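Fold and geometry: a report
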Amino acid sequence: MQTLYRRLLRSLPRLGVRVTDLAPGTALVSRRGRYTATGAGKDAWLVLRGGTSDRWTSVPLGSSGARLVLGRESAADERRLQMAAAEYLCMQHVTAMLDLYGVNCVLDVGANRGQYAKRLRRHGYTGRIVSFEPTAEAYAKLSEAAEGDPEWRVHHCGLGREDTVAEIHVGWNTMNSLLPASDYGRDRYRRFGTTRTEEIRVRRLDAVLDEALDGLSEPRPFLKMDTQGYDLEVFAGAGERTADFVGLQSEVAVLRLYEGSPGMGEAVAAYEAGGFEITGMYPVTREAATGRVVEFDCVMMRPKAAPAAA
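Residues numbered from 1 in each chain as written. Predicted model: local features only at pLDDT ≥ 70, side-chain atom pairs only at ≥ 80, totals over all residues. Heavy atoms only, no water.

Attention now goes to the overall build of the protein. From N to C terminus, the protein includes 9 helices and 16 strands. Taking all 310 residues of the protein together, 43% fall into the buried category. Taking the contacts inside the protein whose residues are at least 6 apart along the sequence as the reference set, 61% of them involve residues at least 24 apart. Accessible surface, the protein: about 16800 Å² in total, of which carbon and sulfur atoms supply 50%. (Helix = DSSP H or I, 4+ residues; strand = E, 2+ residues; numbered from the N terminus. Buried < 20%, exposed > 50% of the residue type's maximum accessible area, 1.4 Å probe, protein only. Contact = heavy atoms within 4.5 Å. Areas by Shrake-Rupley, 256 points an atom, 1.4 Å probe, with all protein chains shown as cover.)

Running from N to C, helix 3 (residues 78-100) and helix 4 (residues 115-122) point in directions that differ by 65 degrees, and their axes come no closer than 10 Å. One element, helix 3, and the other, helix 4, form an angle in the roughly perpendicular class. As helix 3 packs across helix 4, the resulting crossing turns out to be right-handed. On helix 4, the residues that touch Glu-87, Met-91, Val-94, Thr-95 and Leu-98 of helix 3 are Tyr-116, Arg-119 and Leu-120. (Axes fitted to C-alpha atoms, helices over the stretch in contact; angles between N-to-C directions. Parallel < 35°, antiparallel > 145°, perpendicular 65-115°, else oblique. Left-handed = near helix turned anticlockwise from the far one by under 90°.)

So, on to the sheet that holds strand 12 (residues 196-204). Across the sheet, 3 strands lie side by side as 10-12-11; this open sheet has mixed pairing. If you trace the sheet from one side to the other, it starts and ends with strand 10 (158-160) and strand 11 (164-170), each paired once. In this sheet, neighbouring strand axes are inclined to one another by 50 degrees on average, regardless of whether the strands run parallel or antiparallel. In the sheet, strand 11 pairs with strand 12 via 7 bridges, with the strands oriented antiparallel. Bridge pairing in strand 12 places Glu-167 opposite Glu-199. Set on the sheet, helix 7 (residues 205-213) makes contact with strand 10 and strand 12; between it and strand 12 the angle comes to about 70 degrees. (Pairing = 2+ DSSP bridges.)

Across the 5 residues of strand 8 (residues 128-132), 5 count as buried, placing the element largely inside the fold. Alternating positions in strand 8 separate into two faces, Arg-128, Val-130 and Phe-132 on one and Ile-129 and Ser-131 on the other, with burial throughout. Bridge analysis of strand 7 (residues 105-109) against strand 8 gives 5 bridges, and the strand direction is parallel. Bridge assignment links Leu-107 to a residue of strand 8, and that residue is Val-130.

Attention now goes to the pattern of salt bridges. Evaluated as defined, the whole model comprises 11 salt bridges. Residue Asp-108 is joined to Lys-224 by a salt bridge in which the shortest nitrogen-to-oxygen separation is 2.7 Å. You can see Asp-108 sitting in strand 7 and its partner Lys-224 sitting in strand 13 (residues 221-225), a full 116 residues away along the chain. Of the residues examined, Lys-224 reaches a relative accessible area of 4% and is grouped as buried. The shortest N-O distance in the salt bridge between Arg-292 and Glu-287 comes to 2.8 Å. A residue is classified by how much of its surface remains accessible, and Arg-292, at 42% relative accessible area, is partly exposed. For Glu-287, a relative accessible area of 10% puts it in the buried group. Each of the salt bridges in this network shares a partner with another, and the network as a whole consists of Asp-210, Arg-241 and Asp-244. (Salt bridge = Lys/Arg side-chain N within 4 Å of Asp/Glu carboxyl O.)

With that settled, the discussion passes to the sheet that holds strand 15 (residues 277-286). With mixed pairing, the 7 strands of this open sheet are ordered in space as 9-8-7-13-14-16-15. Two strands bound the open sheet, and with one partner strand each, they are strand 9 (152-155) and strand 15. Neighbouring strand axes in the sheet, compared pairwise and without regard to direction, differ in orientation by 15 degrees on average. Here strand 13 runs beside strand 14 (residues 247-253); their pairing, made up of 4 bridges, is parallel. Counterpart to Leu-223 in the pairing with strand 14 is Leu-248. Together, strand 7, strand 13, strand 14, strand 15 and strand 16 (293-301) form the strand contacts of helix 3, whose direction differs from that of strand 15 by roughly 150 degrees. Helix-sheet contacts for helix 7 involve strand 7, strand 8, strand 9 and strand 13, and the interaxial angle to strand 7 is about 140 degrees.

Right, here's the structure in full:
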């Protein structure tokens, strides 16, 4: 005997409504056929607005039980797909580490317009974020992005080895730097061909840390740095307060885009000397012509700070 639910589904097409039966008790209902559904593996469906389902395919991610849904265009562009996947997996890993280590404050150094903080929120991190951005244009957009989020604080300054005033190269979009572009950088990025500078305030990390952590009874801070070749200078400005951090994330260079920036080996060695160990490495950019990785996002944690180690 048909259930009332099933009889209702069968009657809907007469009213010009399309029905796709997905599973017991679950159906996709759309007007004028705007939406279609196609199987994406066991117990999974891909819902599309317009277009045809044969443009999409899904592949298993090893034995994890997860599947990746690909369009023809994305599947054909290996490099673009790898970079997008690396960005997602990096943030997924970072938020897992924040949860594992009980992080309650992320210092977002080189925040630009707040892209990193927004990703943290999308991945489920609800703790305090303290963002630092020195350039006027990006800071204005950062401040706007943080509005309405009481746990997201913003500061209009850069961080470095000493309290000072400095000139930063601007007009390079997300790649503004206190360092000039290297020969390799100018060859790779057209934006480095022209530049202007802006005067900014630079502070030491150990001088701003107490304010950043104010009100937290048991601070468990994590340091994220993306300062276009200047991360080690930021780290040096923490002094002995590096011991306060349970983890960090730094963009480390295999091929140097900025003159005077440290190589990956030098940067990782400095962080390891501070008690941090690698938990993940994710490509940020790769050369299309050679496949070489230009930079990695390096995630490191202090094993002794893990709750299980306490």
